[in-house]
Amino acid sequence: MTTDAPENLREEILVLKHRLGDASAFDELMRRWEPRLLYYLRRTTPQEADAWDALQRTWMAAFRDLRDLKDPRAFRAWIYRVARNQAVSHLRSEQARRGRIEELDPDELLDDAWAPDPADAEAVHAALATLSLAHREVATLHLLEDMPLAEIAEVVSAPIGTVKSRLHHARRRLRAALAPSRAP
Amino acid sequence: MNTGNDLTLGERLIRVEPEDAELRRRYEEGKLALRERRLTPAQKAAGWLSAPLNLGLALLVVWRLGGAGPGMPPEWIAFHVAGAAGLLAVGGWTLHVLLGGGRVTWRADRAFQVVGVVAVVALAAAAFEVGRSLDDRRAAFGMLGVAVVMLAGAGAGLAVEWARRLRLESRVAALENELRLAELSREVAGPRDGRARPGSDESPAPS
């Protein structure tokens, strides 16, 4: 979980300044979040062009609705939820949304000891593409943002148990995919 | 600024994937649309109703001013002129926005709010004056009531907006102080593995 207090404070200040009518505050929020949101949207939309379109619509929706965000400290989950809504509208007719999710015991504990090495980023990126959309989405949020389960559940509008099982499955697949790259 | 060896997994993931330059260019052009907002259908309907009303009232005020003759005190002439100018400004601005497809920049929006408040006050003054000149007491009372309601509405709107801005500005000031303290604490504590999120001040956004 990200505990960078100064960064959280900066973002809260930017959200409040946006509410005061400071256009440069929203520009700064876009600059900060653009790379991460684009990466997330590219994992959750079929084509790169769809991701760019979704990102643009994300900013338009965020610019309009940011004043309604009750707690500025919850900006991260909120902006990912806005982005997800834009991606979902793209995927409404896609078969991927009806992809089968492997049934797992939601009480099964996550292997908290395992985390991919940042040096394996390229392999992780390639392995993400092999996951189903539902698994890829939660795995991306977890790996990109180190987002806790409760926050991921808020973004994807699913129960924590469902998110937990999806993430467990995704991490298991990623670990298996990364294992050959570590073979001597 | 994070060096290559200090990057988190998230930062590295972002850098792995190249982006299409043409898509990026189209996206940047699209972002310009954020500089403006579009009126909702309800706002457009209200605009089409209020614009002719404003312009009509302005003409009425000018007509009454013209018909008043040289006996009207100068201060009342000024009230009439101000009222007519305010009504013309609001009505004209509304028509300009509507004819432009209902699109208005946020900066112009703020300017319009100021003009709007001034116009409401001017309109209230004009309504008050019209009410004073009516022989029919019932009609006069109604017009005076309209003037009072307008003034009360403008005053309440200003008060609410002032309170909202005061609350936000106070909160921003408090957070900025808290931020300075947090940064100072970090400097005093010395360098450590303080991983900044990708795209933050301490981590440059990928090109």
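Higher on the page you've got the structure.
Reference entry: report on the structure contained in this document. (Residues numbered from 1 in each chain as written. Chains lettered and ligands numbered in written order. Predicted model: local features only at pLDDT ≥ 70, side-chain atom pairs only at ≥ 80, totals over all residues.)

For chain A, the helix and strand inventory stands at eight helices and zero strands. Order of helices (α) and strands (β) in chain A, N terminus to C terminus: α-α-α-α-α-α-α-α. For chain A, the residues scored as buried account for 43% of the 184 residues in total. (Helix = DSSP H or I, 4+ residues; strand = E, 2+ residues; numbered from the N terminus. Buried ≥ 20, exposed ≤ 12 C-beta atoms within 10 Å, placed from the backbone.)

So, on to the interface of chain B and chain A. Contacts between the two partners involve 38 residues from chain B, matched on the other side by 40 residues from chain A. Counting residues per element, the ones that place at least two in the side of chain B that touches chain A are α1 (9–16), α2 (21–31), α5 (106–133) and α6 (137–189) of chain B. The element contributing the most residues to the side of chain B that touches chain A is α6(B), with twelve residues. Looking at the side of chain B that touches chain A residue by residue, the class counts come to 19 nonpolar, six polar and 13 charged. (Contact = placed C-beta atoms within 7 Å. Nonpolar A, V, L, I, M, F, W, Y, C, P; charged D, E, K, R; others polar.)

Helix-helix packing is characterised by the crossing angle of the two axes and by the distance between the axes. Residue and element names in this part refer to chain A. Between helix α2 (residues 23–44) and helix α4 (residues 75–91), whose axes approach to 10 Å, the crossing angle comes to 35 degrees. Classified by chirality, the crossing of α4 by α2 is right-handed. Touching W33, L37, Y40, L41 and T44 of α2 are I79, Y80, A83 and A87, all from α4. A breakdown of the residues in the contact of α2 with α4 according to their chemical character gives eight nonpolar, one polar and no charged. (Axes fitted to C-alpha atoms, helices over the stretch in contact; angles between N-to-C directions. Left-handed = near helix turned anticlockwise from the far one by under 90°.)

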